[in-house]
Amino acid sequence: MKNKNSSKNKSLNVMIIAFVLALVCLVIGITFAVYTYSSNGNIINELSTGTVNMTYTEGQNKISITNAMPLEDSVGRTLSDTSQVFDFALDVTINGRMSIAYQITAKKDARSTLQNNEVKLYLERSTDGTSYSSVMEPSNYSPIAENNDFGALAGEMILDTGTVTSTTHYDYRLRMWVDKNYEVTGNAKSFTVTVNAYGKDANKNN
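Quick caveat: nothing in here was measured; it's all calculated off a predicted structure.

Calculation rules
Here the residue index of a chain counts from 1 through its sequence in written order. Given that this is a predicted model, residues contribute local features only at a pLDDT of at least 70 and side-chain atom pairs are listed and counted only at 80 or more, while totals for whole chains, interfaces and linings are drawn from all residues. Excluded from the side-chain calculation are hydrogens and water; included are all heavy atoms of the structure. Put simply, DSSP H or I for four residues or longer makes a helix, DSSP E for two residues or longer makes a strand, and each gets a number counted from the N terminus. Burial classification: accessible surface area is computed with a 1.4 Å probe over protein chains only, and a residue below 20% of its type maximum counts as buried, one above 50% as exposed, and the rest as partly exposed. A contact between two residues is defined here by any heavy atoms of the two lying within 4.5 Å. Computed with a 1.4 Å probe, the accessible areas rest on the Shrake-Rupley method; for each residue, only the protein chains presented here act as cover. The rule for a salt bridge is simple: a side-chain nitrogen of Lys or Arg has to be within 4 Å of a carboxyl oxygen of Asp or Glu. pLDDT: the predictor's confidence for each residue, scored from 0 to 100. Among buried residues, the Ala, Val, Leu, Ile, Met, Phe, Trp, Tyr and Cys ones that are joined through side-chain atoms within 4.5 Å form a nonpolar core. Stacked, tilted and edge-to-face are the three classes applied to pairs of Phe, Tyr and Trp rings, where Trp contributes its six-membered ring and a pair requires centres within 6.5 Å; stacked means planes under 30 degrees apart, edge-to-face means over 60, and tilted covers the rest. Between N or O atoms, a polar contact is any pair within 3.5 Å; within protein, one atom must be a potential hydrogen donor and the other a potential acceptor, and residues adjacent in sequence are included only when both atoms are from side chains.

1. What to know about the overall build of the chain
Line of reasoning, step 1. Along its length, the chain carries two helices and ten strands.
Line of reasoning, step 2. N-terminal to C-terminal, the α/β element order of the chain is α-β-β-β-α-β-β-β-β-β-β-β.
Line of reasoning, step 3. Looking at the chain as a whole, 45% of its 206 residues qualify as buried.
Line of reasoning, step 4. A sequence separation of at least 24 residues applies to 73% of the contacts in the chain between residues at least 6 apart.
Line of reasoning, step 5. Working note: accessible area of the chain is about 10500 Å², and carbon and sulfur atoms make up 45% of it.

In structure tokens:
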């Protein structure tokens, strides 16, 4: 019983190693879902304790943006083709009284050749899968300077963060494009990020 109670009060570890969003498709490994993947059905990544269940579900969309031209934010934020948009979902099931803090981040791949200020990321969220609202306006890649208590590492960019106290479902929609100020050259360049979700007991500092 002591071990069971202890498990309930532990901060949730990093729950998800997620998908790849890329201007050029890049295979990361079997624990990552390639942003340009093709799949028969959803892939579910799950972490459970005695009182909390967090599930990240990758969408079936695929994306492959090559030789992309710079876009105005007003255009980038309305991209709708399945090759330009990635949908995913986050579910938190809470049994009992508990507050779960979550954080969604993007992690730039070291092999990216575009600079941080040459790309824009834009994240929307929905509770019904139809009506989306912005949770992060179009922003250049902006990494955190040091590791945080969610488990995110220095170099990752925070896309969304929040706290839930009851069973919650969020649908997310992520877009990425080349910044309008990028000066096009004859050299092919790319920018790749993986997106991770982290969770912890909101009542704990660490």
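2. Some remarks on the pattern of salt bridges
Line of reasoning, step 1. Counted under the stated rule, the structure contains eight salt bridges.
Line of reasoning, step 2. Residue Asp 87 pairs with Arg 173 through a salt bridge whose shortest N-O separation is 2.7 Å. A residue pair is termed long-range when its members are at least 10 positions apart, and Asp 87 in strand β4 (residues 86-94) and Arg 173 in strand β9 (residues 168-178) qualify at 86 residues.
Line of reasoning, step 3. Of the residues examined, Asp 87 reaches a relative accessible area of 19% and is grouped as buried.
Line of reasoning, step 4. Each of Asp 73, Lys 120 and Asp 179 takes part in salt bridges that share partners, so that together they form one network.

3. Brief notes about the confidence of the model for the chain
Line of reasoning, step 1. Here the chain averages 73 in pLDDT, and 68% of its residues register 70 or above.
Line of reasoning, step 2. A low-confidence stretch, residues 60-64 stays under pLDDT 50, and its non-local contacts, those more than four residues away or across chains, total 25 contacts.

4. Quick notes on the nonpolar core
Line of reasoning, step 1. Within the largest apolar cluster, 31 residues are counted, with the highest numbers of intra-cluster contacts made by Ile 100, Ile 104, Leu 121, Tyr 141, Leu 159 and Tyr 172.
Line of reasoning, step 2. Only β3 (52-58), β4, β5 (100-108), β6 (119-126), β8 (156-164), β9 and β10 (192-201) provide two or more residues apiece to this core.
Line of reasoning, step 3. Not counting chain neighbours up to four residues away, the residues in contact with Leu 159 comprise Ile 104, Thr 105, Ala 106, Leu 123, Val 135, Met 136, Leu 174 and Val 195.

5. Describing the packing of aromatic side chains
Line of reasoning, step 1. Summed over all chains, the structure comprises four aromatic pairs.
Line of reasoning, step 2. With a centroid separation of 5.1 Å and an interplanar angle of 10°, the aromatic rings of Phe 88 and Tyr 172 are classed as stacked. Here Tyr 172 lies in strand β9 and Phe 88 lies in strand β4, a separation of 84 residues in the sequence. Neither residue differs from the other here; Phe 88 and Tyr 172 are each classed as buried.

6. Focus: the environment of Arg 125
Line of reasoning, step 1. Among the structural elements, Arg 125 can be located in strand β6.
Line of reasoning, step 2. Here Arg 125 falls in the partly exposed class, since its relative accessible area comes to 22%.
Line of reasoning, step 3. Distance in space between the C-alpha atoms of Arg 125 and Val 135 is 6.4 Å, their sequence separation being ten residues.
Line of reasoning, step 4. Apart from the residues within four sequence positions on either side, Arg 125 is in contact with Tyr 102, Ser 131, Tyr 132, Ser 133, Val 135, Asp 160, Tyr 170, Asp 171 and Tyr 172.
Line of reasoning, step 5. Within the structure, Arg 125 has its side chain in polar contact with the side chain of Tyr 102 (distance 2.9 Å).

7. Describing the environment of Ile 158
Line of reasoning, step 1. The residue Ile 158 is located in strand β8 in this model.
Line of reasoning, step 2. Residue classification places Ile 158 among the partly exposed residues on the basis of a relative accessible area of 32%.
Line of reasoning, step 3. Separated by 39 residues in sequence, Ile 158 and Ala 197 have C-alpha atoms that sit 9.9 Å apart.

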